[in-house]
Amino acid sequence: MSSRVGGTALPRPRAEGIGLLRFNALPREDALAALLSCCGSRRWAERVAAHRPYPDPESLLAAADEACYDLTAAELDEALAEESLSPQPLVGARGPGTLAAHTALRAAHAEYERRFRHVFVICLDGYRDEELLDQVLSGIRTRLGNEPDEERALAADELRRLARGRLARLTASGP
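No experiment lies behind these values; they were computed from the predicted model shown. (Residues numbered from 1 in each chain as written. Predicted model: local features only at pLDDT ≥ 70, side-chain atom pairs only at ≥ 80, totals over all residues. Heavy atoms only, no water.)

Side note on unusual backbone geometry
What you tend to see is this: most non-glycine residues have negative phi, and most peptide bonds are trans. A cis geometry characterises the amide bond from Arg52 onward to Pro53, with omega recorded as 0°. Relative to the assigned elements, Pro53 resides in the loop between helix 3 (42-50) and helix 4 (57-69). Within the chain, Arg117 stands out as a residue other than glycine whose phi angle is a positive 65°. With respect to the helices and strands, Arg117 occurs in the loop between helix 6 (98-116) and helix 7 (132-143). By relative accessible area, Arg117 is classed as exposed at 68%. (Helix = DSSP H or I, 4+ residues; strand = E, 2+ residues; numbered from the N terminus. Buried < 20%, exposed > 50% of the residue type's maximum accessible area, 1.4 Å probe, protein only.)

Below, the structure is given as structure tokens:
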């Protein structure tokens, strides 16, 4: 999944499937805008855009990973701040107990943001819709027990995974 809704990685509107060749050919400002839809760090987007053209998707994803690993604390804060704050129900979350689970999730998000001073992000790529709510609840509850430095490193890695998935979808061949 792709972005944060109520603190959680879920799809967000973005250009999809433009293909690597078209991405490589975008004017610089358009490339930056597309990259900023993948990760909210301006420096990350500038670094990834600067190395175009990429010969293949793997090279692009490797460059994106490297740029994420090099984010400063302030740049990580910038990227985390760009993740959506509007709470919405998780896709696929239906049935008995869903309302209670969403109430628990909102409370957990509030506690997480109070404790760590940044949003909760989690990459949900590879999970089915009906697994999302359980994965988020489990993830946030587990991570609330982390020390702040440990959690910051985990959030940075989740953000890197989110950016990677978003970028892969962005540069996938279109219809």
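Re the confidence of the model for the chain
Chain-level pLDDT for the chain is 86 on average; 83% of the residues reach the 70-or-more range. Ranking the elements of the chain by mean pLDDT puts strand 1 (residues 3-5) last, at 37, and helix 3 first, at 98. Within the model, pLDDT remains below 50 along residues 1-15, and this stretch shows 71 contacts once partners closer than five positions in the same chain are excluded. (pLDDT = per-residue confidence, 0-100. Contact = heavy atoms within 4.5 Å.)

A closer look at the pattern of salt bridges
Counted by the stated rule, this structure contains 16 salt bridges. Close ionic contact of Asp77 with Arg152 constitutes a salt bridge, the shortest N to O distance being 2.6 Å. Residue Asp77 is located in helix 5 (residues 73-81), and its partner Arg152 is located in helix 8 (residues 148-170); the two are separated by 75 residues in the primary sequence. In this structure Asp77 comes out as partly exposed when scored by relative accessible area, which is 38%. (Salt bridge = Lys/Arg side-chain N within 4 Å of Asp/Glu carboxyl O.)

Regarding helix 6
The terminal C-alpha atoms of helix 6 lie 26 Å apart, and with 19 residues this matches the ideal 27 Å at 1.5 Å per residue to within 8%. Regarding helix 6, the residues found buried are Thr98, Ala101, His102, Leu105, Ala108, His109, Tyr112 and Phe116. Seen from one end, helix 6 has its buried residues packed into an arc of 120°, which puts them on one side. In helix 6, the exposed residues that point more than 90 degrees away from the buried face are Leu99 and Ala100. Following helix 6 by one or two positions, Arg117 adopts a phi angle in the positive range, close to 65°. (Expected span 1.5 Å × (residues − 1). Arc of directions from axis to C-beta.)

Some remarks on the side chain of Arg160
By the secondary structure assignment, Arg160 is in helix 8. Given a relative accessible area of 12%, Arg160 falls into the buried group. Once residues within four sequence positions are removed from consideration, Arg160 is found in contact with Asp65, Cys68 and Tyr69.

Looking at the packing of aromatic side chains
If you walk through the whole model with that rule in mind, you get 2 aromatic pairs. Between Tyr112 and Phe116, the aromatic rings sit 4.8 Å apart at their centres with planes inclined by 55°, giving tilted as the arrangement. Here Tyr112 pairs with Phe116, and both are found in helix 6, just 4 residues apart, close to one helical turn. Since its relative accessible area comes to 0%, Tyr112 is described here as buried. Put simply, the rings of Tyr112, Phe116 and Phe120 pair up and form one aromatic cluster. Between the NZ or CZ atom of Arg52 and the centre of the ring of Phe23, over which it lies, the distance is 5.7 Å. (Phe/Tyr/Trp six-rings, centres within 6.5 Å; stacked < 30°, edge-to-face > 60°. Lys NZ or Arg CZ within 6 Å of the ring centre and 35° of its normal.)

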